[in-house]
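# A closer look at the structure
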Amino acid sequence: MPVPIPDSVATLIGRQIPKPVLDAEVEAVTAVYRIGLCRTPETTEAREYNLGRLARANKLLAAFDPRLIITPGSAA
């Protein structure tokens, strides 16, 4: 069961991570959300586009720490 992290601790942790990595995390989570919206054959092109965005973001995240990789099933 996850333990809640106080906002001040989360802020301190966030300051230790470079801005491009934080931006890539936001990009990956956004791409995963949009992939989830693309479920019909008409949205195949949008799904492929967002899969590319996710791959680029994950490449940067993996270079920083492989545990940060985000998959379509791992983000809410």
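The paragraphs below set out a description of the structure included in this document. (Residues numbered from 1 in each chain as written. Predicted model: local features only at pLDDT ≥ 70, side-chain atom pairs only at ≥ 80, totals over all residues. Heavy atoms only, no water.)

## Description of the overall build of the protein
Applicable threshold: Only DSSP runs of H or I with at least four residues qualify as helices, and only runs of E with at least two residues qualify as strands; both kinds are numbered from the N terminus onward. Each residue is assigned to one of three classes by its accessible area relative to the maximum for its type, calculated with a 1.4 Å probe on protein chains only: buried under 20%, partly exposed between the two thresholds, exposed over 50%. Throughout, a contact is declared for two residues whenever any of their heavy atoms are within 4.5 Å. Residue-level accessible areas treat just the shown protein chains as cover; the underlying method is Shrake-Rupley with a 1.4 Å probe. Counted as positive: Lys and Arg. Counted as negative: Asp and Glu. His and the chain ends are not counted at all. By convention, the point assigned to a charge is CZ for Arg, NZ for Lys, CD for Glu and CG for Asp.
When helices and strands are counted, the protein shows 3 helices and 0 strands. Along the protein, from the amino end to the carboxyl end, the secondary structure elements read α-α-α. Based on the C-alpha atoms only, the size of the protein along its principal axes is roughly 45 × 25 × 15 Å. Looking at the protein residue by residue over its 76 residues, the buried ones come to 20%. Across the protein, contacts joining residues at least 24 apart in sequence account for 53% of those joining residues at least 6 apart. On the protein, roughly 5800 Å² of surface is accessible, and the fraction owed to carbon and sulfur atoms is 63%. Between the centroid of the 9 positive side chains of the protein and the centroid of its 8 negative side chains there is a distance of 3 Å.

## Some thoughts on the nonpolar core
Stated precisely, the cut-off is as follows: Note on terminology: a nonpolar core comprises buried Ala, Val, Leu, Ile, Met, Phe, Trp, Tyr and Cys residues joined through side-chain atoms within 4.5 Å.
One finds Val21, Ala24, Ala28, Ala31, Val32, Ile35, Leu54, Ala57, Leu61 and Ile70 forming the largest nonpolar core, which totals 10 residues. Those elements that place two or more of their residues in this core are α2 (19-37) and α3 (44-64). For this core, the element with the most residues is α2, which contributes 6 residues. Setting aside chain neighbours within four positions, we find alanine 31 in contact with Asn50, Arg53 and Leu54.

## With respect to the environment of glutamate 48
On the secondary structure map, glutamate 48 appears in helix α3. The partly exposed category is assigned to glutamate 48, whose relative accessible area is 48%. Sequence separation between glutamate 48 and isoleucine 35 is 13 residues; the distance between their C-alpha atoms is 8.3 Å.

## Quick look at α3
Note the following rule: Expected span of a helix: the number of residues minus one, times 1.5 Å. Taking the helix axis as origin, the arc is that swept by the directions to the C-beta atoms.
When the terminal C-alpha atoms of α3 are compared, their 30 Å separation across 21 residues agrees well with the 30 Å that a helix rising 1.5 Å per residue should span. The set of residues buried in α3 consists of Asn50, Arg53, Leu54, Ala57, Asn58 and Leu61. Along α3, the residues classed as buried sweep out an arc of 135° about the axis, all on the same side. In α3, the exposed positions angled more than 90 degrees off the buried face are occupied by Glu45, Tyr49, Arg56, Lys59 and Ala63. Buried residues in α3 make contact with α2.

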